[in-house]
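Structural features, examined
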Amino acid sequence: MSITIENLSKNFGNFAALSDVNLEVPSGELVALLGPSGSGKTSLLRIIAGLEHPDRGTVLFNGQEATRRQVKQRKVGFVFQHYALFRHMTVFDNIAFGLTVKAKAERPGKAEIRDKVARLLKLIQLEQLAGRYPGQLSGGQRQRVALARALAVEPEVLLLDEPFGALDAKVRLELRRWLRRLHDEIHVTSVFVTHDQEEALEVADRIVVMNKGRIEQEGTPSEVYDHPATPFVFDFLGSVNLFRGRVHAGTAQMGGLRVHSPEHATADDAPAIGYVRAHDITIERVPGEGGAVSAEVSHLLSVGPLVRVELRIAGGDTWEANLPREEADRLQLAVGEKVFARPRKMRVFVEDYQI
Amino acid sequence: MQVSIHRTVKKNGTSGIAEPAWVRYLLLAVALSFLTLFLMLPLAAVFVQALDKGWEAYLEALKDPDTFSAIKLTLVAAACSVPVNLVFGVTAAWAIAKFAFPGKSLLITLIDLPFSVSPVVSGLIYVLIFGLQGWLGPWLQAHDVKIIFAVPGIILATIFVTFPFIARELIPLMESQGREEEEAALTLGASGLQTFFRVTLPNVRWGILYGVILCNARAMGEFGAVSVVSGHVRGSTNTIPLQVEILYNEYSYAAAFAVASLLAMLALVTLAVKSVAEWKIRQVSAAE
């Protein structure tokens with residue numbers, strides 16, 4: 001089922017959670033709503049589910065008006081950040097709940113329910129735990145039960161609100177890969193909310209980046225990552241260095257750097273901000289090709305396979321560069337040493353896009 | 001060697017936060033003697049006095065027709081007020097804990113009113129409304145409806161003084177459980193009623209039991225409000241606490257204490273059930 005959102009707005013008191021949002025979720029895709037807290041992503045998800053009502057705008061399911069439809073008529077599966085399992089029911093009864101509350105005419109028989117729950121338990125690999133209570137499960141197990149419970153009613157849309165947010169790092173990683181594989185199998189239209197850019201980039205078919213109740217950009221993970229449409233998106237996806245300067249007729253002048261910037265060919269000495277990702281900075285011992293700036297290593301920190309290097313530039317600026325461990329070893333960097341740094345890729349935004 | 005070092009460390013570890021032994025024992029002794037003097041002794045005295053003239057006299061006192069009617073009336077008053085307050089308490093707690101609506105804080109304050117008003121005043125309120133000189137008195141008399149100095153008045157007064165118990169117990173419990181489970185039930189296709197009976201209610205069942213037990217204890221033990229509206233008609237409008245007072249004022253001590261021992265036993269049963277309910281509530285919330 002496809003979802004269409006048209007001109008949606010929602011206020012909580014004076015706070016605009018969503019302002020004039022338009023979005024199209026094609027049938028069968030796994031879409032991530034990515035943004036910081038307060039960006040409106042959860043409100044949007046809850047409005048799609050019918051748990052919240054918009055002040056203005058419409059929600060269409062398969063092109064059909066659904067804004068006023070009751071939650072139970074929407075055929076959505078909803079997975080909560082804190083699982084929301086029924087604490088007084090066993091895992092089995094939790095998963096069977098959606099089937100047992102159906103009207104008599106549609107309700108499957110006892111044996112059929114048992115078969116279906118058994119299949120779902122197998123899918124989430126928790127066959128032995130059917131008789132346990134939620135309180136006796138780990139966080140990852142609870143979230144899998146919550147997913148099975150949502151899938152039991154065969155929803156046409158699966159909505160997940162920060163589904164991995166309350167889990168520890170390793171379980172989180174496992175579970176999101178499992179979700180991706182699951183989606184490849186069942187192809188139910190899915191929308192999940194996250195503030196973790198890595199999660200969105202890894203799992204989703206499409207990413208919708210949200211900020212302050214608006215959509216900043218939407219596209220495939222590589223589109224969003226490689227071609228951020230706004231400074232916010234650039235800033236939100238990965239750590240970046242910021243440069244201030246001016247752009248004139250396709251060339252940006254940022255401190256000591258001259259950068260070719262063809263998309264601003266018509267700019268007439270406009271103030272501009274340049275963004276360079278931390279891993280797009282090359283460090284060399286010798287000046288090499290043009291564009292390198294002399295710098296001093298002011299701080300070094302190993303983070304797993306990466307080395308985070310803080311550089312003090314001649315003018316007083318500080319840059320952050322992330323190098324692979326081998327690269328750092330080859331350069332034999334040490335604090336206080338003089339090196340040459342060169343941004344490989346810079347994205348220039350003319351200043352009216354204030355952050 | 002290593003064991004002894006370990007022990008020393010452990011001992012130092014606890015003594016860092018604890019008071020010296022003699023202080024702890026002194027505090028314990030003070031607390032225990034206080035409890036004995038003010039709670040255990042009177043409780044024991046009730047039973048000793050009740051059985052002062054032997055089992056025969058004890059049973060005889062309870063068999064007295066006036067006493068028997070007082071016991072019956074007390075049970076009727078509790079049987080009427082507890083269900084009414086159960087329905088009211090659950091609905092009020094549900095509305096307050098799960099929804100936002102105008103007047104919510106006013107409702108919370110109103111629920112506490114019977115706690116903050118003296119029971120005598122609670123009784124007087126009903127006399128002023130339903131009594132002969134009250135607002136509705138003449139009309140009621142014209143239609144031959146008796147409320148004050150009759151059973152309906154006692155039931156109304158009991159309902160009034162006991163109505164915060166169940167709501168007060170459930171509001172914080174429901175608030176701490178949040179709305180997510182109900183929302184999950186809705187997305188799974190449950191109707192509002194199904195959600196209430198299959199999710200909301202089972203989650204607070206121990207809290208409900210706790211509230212019912214306290215409400216029942218108060219309903220059976222209420223003196224002040226009931227005393228005002230009862231009129232003390234023997235064998236007709238006396239409840240157990242009122243009967244105890246009458247017997248005591250007539251110097252039939254053994255009988256007074258025999259009837260009082262019923263209330264004391266009710267208190268003990270209440271405490272036992274309350275402990276179980278509290279333990280269950282803790283267990284349920286610990287499992288979360």
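Figured I'd write up the structure that's included with this text. (Residues numbered from 1 in each chain as written. Chains lettered and ligands numbered in written order. Predicted model: local features only at pLDDT ≥ 70, side-chain atom pairs only at ≥ 80, totals over all residues. Heavy atoms only, no water.)

1. Some thoughts on the overall build of chain A
- Within chain A one finds nine helices and 20 strands.
- Considering only C-alpha atoms, chain A reaches an extent of 75 × 45 × 35 Å along its principal axes.
- Per-residue burial over chain A gives 52% buried out of 355 residues.
- Here the analysis covers contacts within chain A between residues at least 6 apart in sequence; of these, 66% occur between residues at least 24 apart.
- By element, 48% of the accessible surface of chain A is carried by carbon and sulfur atoms, the whole surface being about 16700 Å². (Helix = DSSP H or I, 4+ residues; strand = E, 2+ residues; numbered from the N terminus. Buried < 20%, exposed > 50% of the residue type's maximum accessible area, 1.4 Å probe, protein only. Contact = heavy atoms within 4.5 Å. Areas by Shrake-Rupley, 256 points an atom, 1.4 Å probe, with all protein chains shown as cover.)

2. Some words on the packing of helix α4 (residues 139-152) of chain A against helix α5 (residues 169-186) of chain A
Residue and element names in this part refer to chain A.
- Contact pair α4 / α5: the axes reach a minimum separation of 11 Å and the direction vectors enclose 20°. Accordingly, the angle class assigned to the pair α4 and α5 is roughly parallel. In the packing of α4 onto α5, the handedness of the crossing is right-handed. Touching G140, Q143, R144, L147 and L151 of α4 are V171, L175, W178, L179, L182 and I186, all from α5. (Axes fitted to C-alpha atoms, helices over the stretch in contact; angles between N-to-C directions. Parallel < 35°, antiparallel > 145°, perpendicular 65-115°, else oblique. Left-handed = near helix turned anticlockwise from the far one by under 90°.)

3. Some thoughts on the interface of chain A and chain B
- Each side of the interface is counted separately: chain A has 23 residues, and chain B has 21 residues.
- When chain A packs against chain B, the two sides together hide about 2100 Å² of surface, and 57% of this comes from carbon and sulfur.
- Our count for the chain A to chain B interface comes out at two salt bridges.
- Here E183 of chain B makes a salt bridge to R46 of chain A, at a shortest N to O gap of 2.6 Å.
- Across the chain A-chain B interface, the total number found is six residue pairs in polar contact (both at pLDDT 80 or more). (Buried area = accessible area lost by both parts, 1.4 Å probe. Salt bridge = Lys/Arg side-chain N within 4 Å of Asp/Glu carboxyl O. Polar contact = N/O pair within 3.5 Å; in protein donor to acceptor, adjacent residues only side chain to side chain.)

4. Structural notes on the environment of W206 of chain B
All names here are of chain B.
- With respect to the helices and strands, W206 occurs in helix α12 (residues 205-221).
- The sequence separation of W206 and P164 amounts to 42 residues, and the corresponding C-alpha distance is 17 Å.
- Once residues within four sequence positions are removed from consideration, W206 is found in contact with A277, K280, I281 and V284.

5. Examining the packing of aromatic side chains
- All told, the structure shown has 16 aromatic pairs over all chains when counted by the stated rule.
- An aromatic cluster is defined as three or more aromatic residues linked by ring pairs; in this entry it consists of F88, Y126, F130, F160 and F163 of chain B.
- Above the plane of the ring of F86 of chain A lies R149 of chain A, whose end atom (NZ or CZ) is 4.6 Å from the centre.
- The cationic tip of R277 of chain A hangs over the ring face of F234 of chain A; the distance from NZ or CZ to the ring centre is 4.6 Å. (Phe/Tyr/Trp six-rings, centres within 6.5 Å; stacked < 30°, edge-to-face > 60°. Lys NZ or Arg CZ within 6 Å of the ring centre and 35° of its normal.)

6. A word on the sheet that holds strand β15 (residues 281-284) of chain A
Residue and element names in this part refer to chain A.
- If you walk across this open sheet you meet the five strands as β15-β19-β16-β17-β18, and the pairing is antiparallel. The open sheet terminates on both sides in strands that have one partner only, identified here as β15 and β18 (318-324). Shown here is a sheet whose adjacent strand axes are inclined to one another by a mean of 45°, direction ignored. (Pairing = 2+ DSSP bridges.)

7. Observations regarding the pairing of strand β7 (residues 157-161) of chain A
Residue and element names in this part refer to chain A.
- Along β7, five of the five residues are buried, which leaves the element largely enclosed by surrounding structure.
- Of the two faces of β7, the one holding V157, L159 and D161 and the one holding L158 and L160 are both buried throughout.
- Alignment of strand β6 (residues 76-79) against β7, held across four bridges, turns out to be parallel. Its bridge partner being in β7, V79 is matched across the sheet by L160.
- In this structure, β7 lies alongside strand β8 (residues 189-194), joined through five bridges in parallel fashion. The residue of β8 that forms the bridge with D161 is V193.
- The parallel pair β7 and β8, bridged by α5, forms a crossover whose chirality is right-handed. (Right-handed = clockwise from strand over helix to strand, strands pointing away.)

8. Some thoughts on α5 of chain A
Residues and elements named next belong to chain A.
- Taking 1.5 Å of rise per residue, the 18 residues of α5 would be expected to cover 26 Å, and the 26 Å separating its terminal C-alpha atoms lies within 8% of that figure.
- Those residues of α5 that sit buried are R172, L175, R176, W178, L179, R180, L182 and H183.
- Summarising the contacts, the buried residues of α5 are in contact with β3 (30-34), α3 (110-123), α4, β7, β8 and α6 (197-203).
- A positive phi of about 55° marks H187, the residue just after α5. (Expected span 1.5 Å × (residues − 1).)

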